[in-house]
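Report on the structure
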Amino acid sequence: RRITWTSIRRIGPAGAFFGVNLAAFFAGITHTSIANAEFIGTLSPILVLPAGALLFKEPIPWKALPWGIGALIGVSLVLFNAPASGRSSWQGNLLVVMAIVMWVSYLLAAKHARREGGVDVVELDDSNTTAPLAAASVGRKPASRSSTEK
């Protein structure tokens, strides 16, 4: 199936969120510990559940609420009790939080694009794979051919 401009317009926001997610996460882990980044990342379901309920009218499994509260408490304990001599900073933690918000936004935008119709999983995956490659190649000079190839 061919990718159309309509599907690109529908997929575009998801791809943008995905790109910002990657950039913020990798920037964040240079200013905080991997442990902090992973602990913060575990909170994404706490954001996805209410957003899914509001945007897509999905039911919230209320039995999961105590586990979500427990996760928030656990992550708070780790972040607020990190040793001062450690390799974490609030700037790095905030970048990772931004990355997680972008990840959740990507998930929601992708679901929205698929629900609207005209976008299938292959198109979504293709756009998330080729868009970063295209962006990375902008402004690069093509490699010159060696004298043996001419």
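Because the structure is a prediction, the values reported are computed rather than measured.

On to the nonpolar core. Counting residues in hydrophobic clusters, the biggest one holds eight residues: Ile29, Ala37, Ile40, Leu43, Val75, Leu79, Val96 and Ile100. Elements that contribute at least two residues to this core include exactly helix 2 (34–41), helix 4 (65–80) and helix 5 (90–116). Residue contacts for Ile29: discarding those within four places in its chain leaves Ile34, Ala37, Arg87 and Val96. Counting five residues, the second largest nonpolar core, distinct from the first, contains Phe18, Tyr106, Ala109 and Ala110.

What follows deals with a nonpolar patch on the surface. A contiguous nonpolar surface patch, about 540 Å² in accessible area, is contributed by Trp62, Leu65, Ile69, Ile73 and Leu77. With respect to the helices and strands, the residue Ile73 is situated in helix 4.

Our focus in this paragraph is the confidence of the model for the protein chain. Here the protein chain averages 80 in pLDDT, while 73% of its residues score no lower than 70. Ranking the elements of the protein chain by mean pLDDT puts helix 6 (residues 121–137) last with 58 and helix 5 first with 91.

This next bit is on unusual backbone geometry. Backbone phi values are negative for most residues with the exception of glycine, while trans is the configuration of most peptide bonds. For Lys57, which is not glycine, the phi torsion reads 60 degrees and is therefore positive. Mapping Lys57 onto the fold places it in the loop between helix 3 (44–56) and helix 4.

So, on to helix 3. For helix 3, built from 13 residues, the straight-helix expectation of 18 Å at 1.5 Å per residue is met to within 8% by its first-to-last C-alpha distance of 17 Å. Buried residues of helix 3: Ser44, Ala51, Gly52, Ala53 and Phe56, and no others. Its buried side turned inward, helix 3 meets helix 2 and helix 5. Taken from the residues just after helix 3, Lys57 is the one with a positive phi, measuring 60 degrees.

All right, on to the environment of Val104 then. Relative to the helices and strands, Val104 resides in helix 5. Here Val104 falls in the buried class, since its relative accessible area comes to 5%. Considered as a pair, Val104 and Asn21 are 83 residues apart in the sequence and their alpha carbons are 9.1 Å apart. In contact with Val104, other than residues within four places in its own chain, are Ser44, Leu47 and Val48.

This part takes up the packing of aromatic side chains. Counted under the stated rule, the structure contains four aromatic pairs. Each ring, one from Phe18 and one from Trp103, has its centre 6.5 Å from the other, and the planes form 50 degrees; the classification is tilted. Of this pair, Phe18 sits in helix 1 (residues 5–28) while Trp103 sits in helix 5, placing them 85 residues apart in sequence. On the basis of relative accessible area, Trp103 is assigned to the partly exposed category, the value being 29%. On the numbers, 5.1 Å between centres and 50 degrees between planes, the contact of Phe18 with Tyr106 is tilted. Taken together, the residues span a long stretch of sequence, with Phe18 in helix 1 and Tyr106 in helix 5 at a distance of 88 residues. By relative accessible area, which is 19% here, Phe18 ends up buried. Here the aromatic residues Phe18, Trp103 and Tyr106 are joined through ring pairs into a cluster of three or more. In this arrangement the basic side chain of Lys111 is found over the ring face of Phe56, its NZ or CZ atom lying 5.5 Å from the centre.

Calculation criteria
Residues numbered from 1 in each chain as written. Predicted model: local features only at pLDDT ≥ 70, side-chain atom pairs only at ≥ 80, totals over all residues. Heavy atoms only, no water. Core = buried A, V, L, I, M, F, W, Y, C linked by side-chain atoms within 4.5 Å. Buried < 20%, exposed > 50% of the residue type's maximum accessible area, 1.4 Å probe, protein only. Helix = DSSP H or I, 4+ residues; strand = E, 2+ residues; numbered from the N terminus. Contact = heavy atoms within 4.5 Å. Patch = residues over 30% accessible without salt bridge, like charges linked within 9 Å, V, L, I, M, F, W, Y side chains within 5 Å. Areas by Shrake-Rupley, 256 points an atom, 1.4 Å probe, with all protein chains shown as cover. Salt bridge = Lys/Arg side-chain N within 4 Å of Asp/Glu carboxyl O. pLDDT = per-residue confidence, 0-100. Expected span 1.5 Å × (residues − 1). Phe/Tyr/Trp six-rings, centres within 6.5 Å; stacked < 30°, edge-to-face > 60°. Lys NZ or Arg CZ within 6 Å of the ring centre and 35° of its normal.

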